[in-house]
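Letter by letter, the chains look like this.
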Amino acid sequence: MEDYRVVLVGCGGISRAWVNAAQEYAGLKFVGLVDVNPQQARQLQTEFHLEDASIGADLGEMLAATGANMVFDCTIPKAHATVTIEALQRGCHVLGEKPMAENMTQANKMLAAAQQSGKTYAVMQNRRYLDPIVRFRELLRSQAIGVLTTINADFYLGAHFGGFRDAMEHVLLLDMAIHSFDQARYLSGADPLSVYCHEWNPSGSWYRHGASAMAIFEMSNGVVFNYRGSWCAEGLNTSWECAWRAVGEKGTALWDGHDSINAECVVGTEGFIREQQFAPIPDTPKLAHVGHAGVMYDVLDSVKSGRTPQTICTDNIKSLAMVHAAIESATTGKKMMIEFDNEHGL
Ligand SMILES: NC(=O)c1ccc[n+]([C@@H]2O[C@H](COP(=O)([O-])OP(=O)(O)OC[C@H]3O[C@@H](n4cnc5c(N)ncnc54)[C@H](O)[C@@H]3O)[C@@H](O)[C@H]2O)c1
């Protein structure tokens, strides 16, 4: 008998990355594929030879019929709350796509459902599981550039998706910036205190709403995190992981979001511009699994061994709070405070 009997719900674009990642995990079997459009589920079944999995359009019926104990939620953001709460109430663990929810009310209900069920609900925040970000964080943690004061992220891509993103509100902040904001928490080791955000849809945008945004966050350790992003910026694209500049008391570190990391520190004690020297970049052990597989293996292994996975909902809701506070700030034109109850989320 396998450890995990998995129902995957939402068989669209990203579900391919999930099935690919899961295929190598020993003791995991896909027992059901659910989509409001069952043709999508059938297509996924054929593509990955998942003949043992049942096909359906109703998650509740599928869970009852298959005796699943794990749900992979790859639906669109609007459906995450309903899918997650139903799965938890039916006794399943859930690993779901980002963003957790379209608003904080839904997210808090999901958190409560996880706590009441005693099951694990974790979020696919795959940009934490990349070798360069682990190395960059280690550089900052080593204080090679001194105590961190400022962290900037630039995200500029011309991404032509089609589909739900073209029509949704706050598309960049809600569907993409969650990754960058979560990366900022990961890199700075801090939680957000406040945000001021300006969001707009630039002329020429092929999105309906909010393809560009700039946000300034005050973080709990005094660090200021600046985000500048656009999903409708053609030319000289940054990586999907953002281009980062971190400034510390003694130096500066850059990560281009790909493989290039550099740091330079002050060594001189005299003159207008003091003498600088490149700092060594730490080696970190290569991750066994990266991206989607990194999160998935951490969650599956954690549930089996009773550990808390890194992207557990009680932590991830703090990154989601950055998104929704930024949206509120952009909507009201005011700086928003972000408050947490560390025991129980927000
Ligand atoms: N982690 C990442 O790097 C990453 C990358 C891309 C997308 N995503 C996220 O994955 C999610 C899905 O994105 P996508 O690009 O695959 O979208 P998509 O539109 O290609 O696929 C979504 C699928 O969900 C189905 N669906 C919608 N509502 C449903 C419901 N209530 N029950 C069952 N099925 C339902 C749709 O029919 C569709 O087949 C989004 O939350 C998105 O933000 C994450």
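Each value, and the rule that gives it
- Residues numbered from 1 in each chain as written.
- Predicted model: local features only at pLDDT ≥ 70, side-chain atom pairs only at ≥ 80, totals over all residues.
- Heavy atoms only, no water.
- UniProt positions renumbered as here; feature names shortened; annotations may be inferred.
- Helix = DSSP H or I, 4+ residues; strand = E, 2+ residues; numbered from the N terminus.
- Pairing = 2+ DSSP bridges.
- Contact = heavy atoms within 4.5 Å.
- Axes fitted to C-alpha atoms, helices over the stretch in contact; angles between N-to-C directions.
- Near = heavy atom within 4 Å.
- Polar contact = N/O pair within 3.5 Å; in protein donor to acceptor, adjacent residues only side chain to side chain.
- Areas by Shrake-Rupley, 256 points an atom, 1.4 Å probe, with all protein chains shown as cover.
- 1 Å grid on protein atoms, 1.4 Å probe; cavity = no way out; pocket = protein on both sides within 12 Å on 5 of 7 lines; lining within 4 Å.
- Sits in = over half its atoms within 2 Å of the grid points.
- Salt bridge = Lys/Arg side-chain N within 4 Å of Asp/Glu carboxyl O.
- Buried < 20%, exposed > 50% of the residue type's maximum accessible area, 1.4 Å probe, protein only.

**As for the UniProt feature "domain: GFO/IDH/MocA-like oxidoreductase" (unreviewed entry) in the protein**
Now for step 1: UniProt records the feature "domain: GFO/IDH/MocA-like oxidoreductase" (unreviewed entry) for residues 135-253 in the present numbering.
Now for step 2: Measuring from the first to the last C-alpha atom of residues 135-253 gives 12 Å, for a span that is 24% helix and 35% strand.

**A closer look at the sheet that holds strand 13 (residues 261-266)**
Now for step 1: In space, the nine strands of this open sheet follow the order 14-13-12-11-7-10-9-8-15, with mixed pairing throughout. Edge positions in the open sheet fall to strand 14 (276-278) and strand 15 (336-337), since each of these has one partner strand only.
Now for step 2: Inspection of the sheet shows strand 12 (residues 251-255) paired to strand 13 by five bridges, in the antiparallel sense. Note that in strand 13 the partner of Leu 254 across the bridge is Asn 262.
Now for step 3: The strands that helix 6 (residues 131-141) touches are strand 7 (148-156), strand 11 (243-248), strand 12 and strand 13; relative to strand 12, the one it contacts most, it runs at about 175°.
Now for step 4: Where helix 10 (residues 313-332) meets the sheet, its contacts fall on strand 8 (192-200), strand 9 (212-219), strand 10 (224-230) and strand 15, and the angle it forms with strand 8 comes to roughly 50°.

**Quick notes on the site of the ligand**
Now for step 1: Lining the immediate environment of the ligand, one finds 24 residues, of which Ile 14, Asp 35, Lys 98, Asn 126 and Asp 175 sit closest.
Now for step 2: In the model, an oxygen atom of the ligand is placed 2.8 Å from a nitrogen or oxygen of the Ile 14 main chain.
Now for step 3: At 3.1 Å from a nitrogen atom of the ligand is found a side-chain nitrogen or oxygen belonging to Glu 97.
Now for step 4: Considering the ligand on its own, with 850 Å² of exposed area, one finds that the protein chains cover 80% of that surface.
Now for step 5: Given that more than half its atoms are within 2 Å of the pocket grid, the ligand belongs to the largest pocket.
Now for step 6: Of all the elements in the fold, those that place two or more residues in the shell around the ligand are helix 7 (164-167) and helix 8 (171-188).

**With respect to the side chain of Arg 5**
Now for step 1: Following the sequence through the fold, Arg 5 ends up in strand 1 (residues 4-9).
Now for step 2: Within the structure, the side chain of Arg 5 is placed 2.8 Å from the backbone oxygen of Thr 66, a separation counted as a polar contact.
Now for step 3: Not counting residues up to four positions away in its chain, the partners in contact with Arg 5 are Lys 29, Val 31, Thr 66, Gly 67, Ala 68, Asn 69 and Met 70.

**Points about the pattern of salt bridges**
Now for step 1: Applying the stated rule across the entire model yields 19 salt bridges.
Now for step 2: Linking Arg 16 and Glu 47 is a salt bridge whose minimum nitrogen-to-oxygen distance equals 2.7 Å. Residue Arg 16 is located in helix 1 (residues 15-22), and its partner Glu 47 is located in helix 2 (residues 38-48); the two are separated by 31 residues in the primary sequence.
Now for step 3: Assessed through its relative accessible area of 40%, Glu 47 is described here as partly exposed.
Now for step 4: Here Arg 185 and Asp 191 are joined by a salt bridge, their closest N and O atoms 3.0 Å apart. For the pair shown, Arg 185 and Asp 191 are each scored as buried.
Now for step 5: Sharing partners across several salt bridges, the network here consists of Arg 128, Asp 182, Arg 185, Asp 191, Asp 315 and Lys 318.

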